[in-house]
Amino acid sequence: MSPRTVVRTCVGCRSQADQQELMRVALEPGTTPPTVVWDPLRRRPGRGAWVHPGPECLQLALRRRAFHRAFRGQVDPDGLEAGTRASAARPTDEGGSEI
């Protein structure tokens, strides 16, 4: 990691990584309790949480109730399990590089 790299902590394994290596999750407004959903464009408003793209970290975060702590309240993480990783993949521009 270079000095200008943005570092985030995975809520699953609690290790720090470059932001580009992690997936962002955010809250879907309008549901009670709020639903945690994938944020592939990283543009949803409000607090976000970060998790490694592998299933191990997601399962660890769900088991540890890490999303409740990250979002500072009761949340429904079922939106993460319902969504597929393919739909959560980061978009790329036409040149093949990440946005």
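Above this text is the structure in question.
In this report, the structure presented in the accompanying data block is examined. (Residues numbered from 1 in each chain as written. Predicted model: local features only at pLDDT ≥ 70, side-chain atom pairs only at ≥ 80, totals over all residues. Heavy atoms only, no water.)

Notes on the environment of Phe71
Inspection of the secondary structure puts Phe71 in the loop between helix 2 (66-70) and helix 3 (78-82). Sequence-wise, Phe71 and Pro34 are 37 residues apart; in three dimensions their C-alpha atoms are separated by 9.7 Å. Excluding residues that lie within four positions of it along the chain, Phe71 makes contacts with Val25, Ala26, Leu27, Val36, Arg47, Gly48 and Ala49. (Helix = DSSP H or I, 4+ residues; strand = E, 2+ residues; numbered from the N terminus. Contact = heavy atoms within 4.5 Å.)

Here we look at the environment of Cys10
Inspection of the secondary structure assignment puts Cys10 in the loop between strand 1 (7-9) and strand 2 (16-18). Sequence spacing of Cys10 and Leu22 is twelve residues, and the spatial spacing of their C-alpha atoms is 7.3 Å. Among all residues touching Cys10, those that are not within four sequence positions of it are Ser15, Leu22, Trp50, Val51, His52 and Cys57.

Let's talk about the sheet that holds strand 3 (residues 23-28)
The three strands lie next to each other as 4-3-5, forming an open sheet whose pairing is antiparallel. Strands at the two margins of the open sheet, each flanked by one partner only, are strand 4 (35-38) and strand 5 (49-51). Averaged over all pairs of adjacent strands, the angle between their axes in this sheet comes to 40 degrees, without regard to strand direction. One ladder, built from four bridges, connects strand 3 with strand 4; its direction is antiparallel. Along strand 4, the bridge assignment pairs Glu28 with Thr35. (Pairing = 2+ DSSP bridges. Axes fitted to C-alpha atoms, helices over the stretch in contact; angles between N-to-C directions.)

Thoughts on the layout of surface pockets
Within this model, the largest pocket holds a volume of roughly 180 Å³. What lines the largest pocket is simply Thr9, Val11, Arg14, Arg47, Gly48, Ala49, Trp50, Arg64, Ala66, Arg69 and Ala70. Looking at the lining of the largest pocket, the elements with two or more residues in it are strand 5 and helix 2. With three residues, helix 2 is the largest single contributor of residues to the lining of the largest pocket. Each residue belonging to the lining of the largest pocket can be placed in one class, and the counts come to five nonpolar, two polar and four charged. (1 Å grid on protein atoms, 1.4 Å probe; cavity = no way out; pocket = protein on both sides within 12 Å on 5 of 7 lines; lining within 4 Å. Points joined across faces, edges and corners; volume = space filled by probe spheres on them. Nonpolar A, V, L, I, M, F, W, Y, C, P; charged D, E, K, R; others polar.)

Focus on a positive patch on the surface
A surface patch of positive charge is lined by Arg14, Arg63, Arg64, Arg65 and Arg69. Topologically, Arg63 is positioned in helix 1 (residues 55-63). Note on Arg63: relative accessible area 63%, which makes it exposed. (Patch = residues over 30% accessible without salt bridge, like charges linked within 9 Å, V, L, I, M, F, W, Y side chains within 5 Å. Areas by Shrake-Rupley, 256 points an atom, 1.4 Å probe, with all protein chains shown as cover. Salt bridge = Lys/Arg side-chain N within 4 Å of Asp/Glu carboxyl O. Lys, Arg positive; Asp, Glu negative; His and termini not counted. Charge placed at Lys NZ, Arg CZ, Asp CG, Glu CD. Buried < 20%, exposed > 50% of the residue type's maximum accessible area, 1.4 Å probe, protein only.)

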